[in-house]
Amino acid sequence: AQGEWLGHNTDAEGFHRSLPADLPHAASTVIWGGGGVLSFLQKEFPAATSYSVRTGAPRAATSSSLSPDLVIWAAGPRDPLPNQAWTPRWLIDLNYREDSEARNWALELRKRGLPSRYISGEDFFYQQAELQRQYWRGRL
């Protein structure tokens, strides 16, 4: 109806479509940051520990001393890095900029000979855009 606002969020579906098939969901996982994507990330990875970028600490009490296999970077391109003792095997960067600190971190891990697999947020971005295009086609 005229004067009515419409909205549609494609974050969760875009993220799911952009995940590699061999991603280890059973691995210990940290969500670094989160903002508006935190709720769907916690549904996708219910055992993940979510960290606040501002404090560098877990959002909820945790009893484990964590060295994650998977880190999901859901922070800005210039936000601070998490614990540098972490050596994740997988790093998913939901930021898609070339100057992302997550990308730089992955490059540094590789220089140290660690088997880090970096996944750029670029595919996530394109998946979201395509889903938005499909949703809005015929509605505007």
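Keep in mind that what you see is a predicted model, and the values were worked out from it rather than measured.

(A) Geometry of the overall build of the protein. For the protein, the helix and strand inventory stands at four helices and five strands. Its helices and strands in sequence order give the protein the pattern α-β-α-β-β-β-α-β-α, from N to C terminus. Burial statistics for the protein: of 140 residues in total, 43% are counted as buried. Expressed as a percentage of contacts within the protein between residues at least 6 apart in sequence, the contacts between residues at least 24 apart total 56%. Working note: accessible area of the protein is about 8200 Å², and carbon and sulfur atoms make up 50% of it.

(B) Molecular detail of the packing of helix α1 (residues 11-18) against helix α4 (residues 122-136). At a minimum axis distance of 8 Å, the contact between α1 and α4 shows a crossing angle of 130°. The orientation of α1 relative to α4 falls into the category oblique. With respect to the hand of their crossing, α1 and α4 are arranged in right-handed fashion. Each of D11, E13, G14, F15, R17 and S18 in α1 lies in contact with α4, whose residues at this interface are D123, F124, Q127, Q128 and L131. The residue makeup of the contact of α1 with α4, split by class, is three nonpolar, four polar and four charged.

(C) Just the pairing of strand β3 (residues 70-74), in detail. Within β3, five of the five residues are buried, which leaves it mostly tucked inside the rest of the structure. Burial along β3 is two-sided: L70, I72 and A74 and V71 and W73, pointing in opposite directions, are all buried. When strand β1 (residues 29-33) meets β3, the two strands line up parallel, connected through five bridges. Counted as the bridge partner of T29 is L70 from β3. The pairing of β3 with strand β4 (residues 90-93) spans four bridges and is parallel. Looking across to β4, one finds that I72 is bridged to I92.

(D) View of the nonpolar core. Formed by 18 residues in total, the largest nonpolar core has its most connected members in F15, L41, I72, I92 and L94. Apart from the residues lying within four places of it in its own chain, the contact partners of L94 are F15, V37, L41, I72, W73, A74, G121 and F124. The next biggest cluster of nonpolar side chains, apart from the first, holds 14 residues, and it includes V53, V71, A106 and Y118.

(E) Representation of the pairing of β1 within the structure. Within β1, five of the five residues are buried, leaving the element largely enclosed by the surrounding structure. Pairing of β1 with strand β2 (residues 49-51) involves three bridges; the strand directions are parallel. Paired with I31 across the two strands is S50, which belongs to β2. Chirality of the crossover, the property in question, places the unit of β1, helix α2 (residues 38-44) and β2 among those that are right-handed.

Here is what the cut-offs are and how they apply
Residues numbered from 1 in each chain as written. Predicted model: local features only at pLDDT ≥ 70, side-chain atom pairs only at ≥ 80, totals over all residues. Heavy atoms only, no water. Helix = DSSP H or I, 4+ residues; strand = E, 2+ residues; numbered from the N terminus. Buried < 20%, exposed > 50% of the residue type's maximum accessible area, 1.4 Å probe, protein only. Contact = heavy atoms within 4.5 Å. Areas by Shrake-Rupley, 256 points an atom, 1.4 Å probe, with all protein chains shown as cover. Axes fitted to C-alpha atoms, helices over the stretch in contact; angles between N-to-C directions. Parallel < 35°, antiparallel > 145°, perpendicular 65-115°, else oblique. Left-handed = near helix turned anticlockwise from the far one by under 90°. Nonpolar A, V, L, I, M, F, W, Y, C, P; charged D, E, K, R; others polar. Pairing = 2+ DSSP bridges. Core = buried A, V, L, I, M, F, W, Y, C linked by side-chain atoms within 4.5 Å. Right-handed = clockwise from strand over helix to strand, strands pointing away.

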